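Close look at the chain arrangement
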Amino acid sequence: MRSNLRFVSVAAVAAMLAAVPGSAQKSTGPKERYEMDVATMSGMAAMGGGKGGIGGAMGMMFGGDPASKVAYTLDLRLGSNDAPTAPPPKGDHFFLPQAKVGKSLPLIAPERGTPDYPDTFERPKGRLLLYWGCGAKAGPGQPVIVDFAKVAAGQMPPGLMSSAVPVLREVSAANSRSYTHWPNGKGGKQPSGGSSLLGAHRVASNYGSDINFTLAQDYMPGLQASTAIQPDGSVMIRWNPLQPATGYAAWTFGGMDRAQSGGDMVWWTSSATKEFGGGLWDWLPPSTVANLVTKKIVMPPSQTSCQIPAEVKKASGEMMVGNLNAFGPEANFSYPPKPAGNAVWNIDWTAKVRFRSHTMLLIGADFGGMGGAMSGGGSDDSTHAEKPKKKKCKGPLGIPLPDGAC
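This section reports on the structure supplied with the text. None of these values were measured; they are calculated from a predicted model.

**Brief notes about the environment of Val 321**
Along the chain, Val 321 turns up in strand S16 (residues 320–335). We classify Val 321 as buried; its relative accessible area is 0%. Val 321 sits 43 residues away from Gly 364 along the chain, and the two C-alpha atoms are 9.0 Å apart.

**Digging into helix H4 (residues 286–294)**
Within the sequence span of H4, burial applies to Thr 288, Val 289 and Leu 292. The buried residues of H4 all sit within an arc of 100° when viewed along its axis, so they share a single face. Residues of H4 that are exposed and point over 90 degrees away from its buried face: Ser 287 and Thr 294. Of the residues flanking the end of H4, it is Lys 296, one or two places downstream, whose phi is positive at about 65°.

**As for the packing of aromatic side chains**
Considering all chains together, one arrives at eight aromatic pairs under this definition. A ring pair is formed by Tyr 72 and Tyr 219, whose centres lie 3.8 Å apart and whose planes are at 15°; its orientation type is stacked. One end of the pair, Tyr 72, is in strand S3 (residues 70–80); the other, Tyr 219, is in the loop between strand S10 (211–215) and strand S11 (225–229), with 147 residues separating them in the sequence. Take Tyr 72 and Tyr 219: they sit in the same class, and that class is buried. Aromatic pair Tyr 335 and Trp 349: ring centres 6.1 Å apart, planes at 15°, arrangement stacked.

**Description of the nonpolar core**
Ranked by internal contacts, the top residues of the largest apolar core, which has 50 residues, are Tyr 34, Met 36 and Leu 74. It is strand S18 (residues 349–363) that provides the largest number of residues to this core, a total of six residues. Setting aside residues up to four positions removed in sequence, Tyr 34 forms contacts with Leu 76, Arg 77, Leu 78, His 93, Leu 107, Val 171, Val 203, Ile 211, Phe 213, Thr 350, Ala 351 and Lys 352. In this structure, Trp 132, Phe 327, Met 360 and Leu 362 belong to the second largest nonpolar core, which totals 26 residues.

Cut-offs and rules
- Residues numbered from 1 in each chain as written.
- Predicted model: local features only at pLDDT ≥ 70, side-chain atom pairs only at ≥ 80, totals over all residues.
- Heavy atoms only, no water.
- Helix = DSSP H or I, 4+ residues; strand = E, 2+ residues; numbered from the N terminus.
- Buried < 20%, exposed > 50% of the residue type's maximum accessible area, 1.4 Å probe, protein only.
- Arc of directions from axis to C-beta.
- Phe/Tyr/Trp six-rings, centres within 6.5 Å; stacked < 30°, edge-to-face > 60°.
- Core = buried A, V, L, I, M, F, W, Y, C linked by side-chain atoms within 4.5 Å.
- Contact = heavy atoms within 4.5 Å.

Below, the structure written as structure tokens:
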């Protein structure tokens, strides 16, 4: 789920700052920009080879402890200001053998005009109840109610979404003369178990210089989260601390079974303020996360539990699905090296590698005693859990949930 926030180009901001009178050093470029998103999925999100979902979980029910399962995903994007030497634009990311992805992953240009949503997208009906914050009880002013009939008529509740959480995607087809990415139509098989990204990497294309960098940071460890329904009706989420984590964010969605009939759906986030979009379910740089921690939008890296208010569980009905996101470190590279003194820095290329770890939360379903494991590796409190019914999982607002959530 993506907010309609304005995309922020760090390269553009850097160029603007460089042009300010009195700056110590001016810079140009970069001509070429590369982004590599590295995720670790655990619990239900990792089941089925990283495909996630209840179907993958059931298929692995007898395959060992789900808490020990992790899956890795890579998302690669290369953009340039230059045209390819021979169209179409194409490239490769070359890995060392320990990455277990073959010699390279092919970067190809996306098909133009591909829709963002599936053809089966249906306009949501009924209402959406918004809750936020950790605690046994919901805070004042909750829930905020979004009536989809009023939204369709152009009536949106004021101050519903703020711009405090940015979506930072510096490399895209929209801001690049030449652009390629992976996964794509030529391949999408993600790394197998035991993969390691440590060591040398090389990105070569027909529309820019070779990009070379060495990673000292590997995949983040897997999150192991447990959910337990409390006697007061609230839900306690607990998880293992991850040493590389810079902060945590959680969300849940309930009432999906009522969506087609126009019933209430429920959305909750761990933010102490009304924040439901931006990069909270994606990657965010450590500096941004640190700022959001001070605003209590993101939970600090020292926190290992969060209580979902009882009102959220009651309004959600029998089952809630969600996600716990651990933001991680970021590695940045550029070429050529920054010159000394006031010499102009003509940047040829930059490369950014972002890390995160996340796990799915499944609350209120047991599936033969595996409810806790399916919620990320812990044990659910089946004493207070209601018996599950077979449901067709729906995404928020009728569109697919983020990776590993459904």
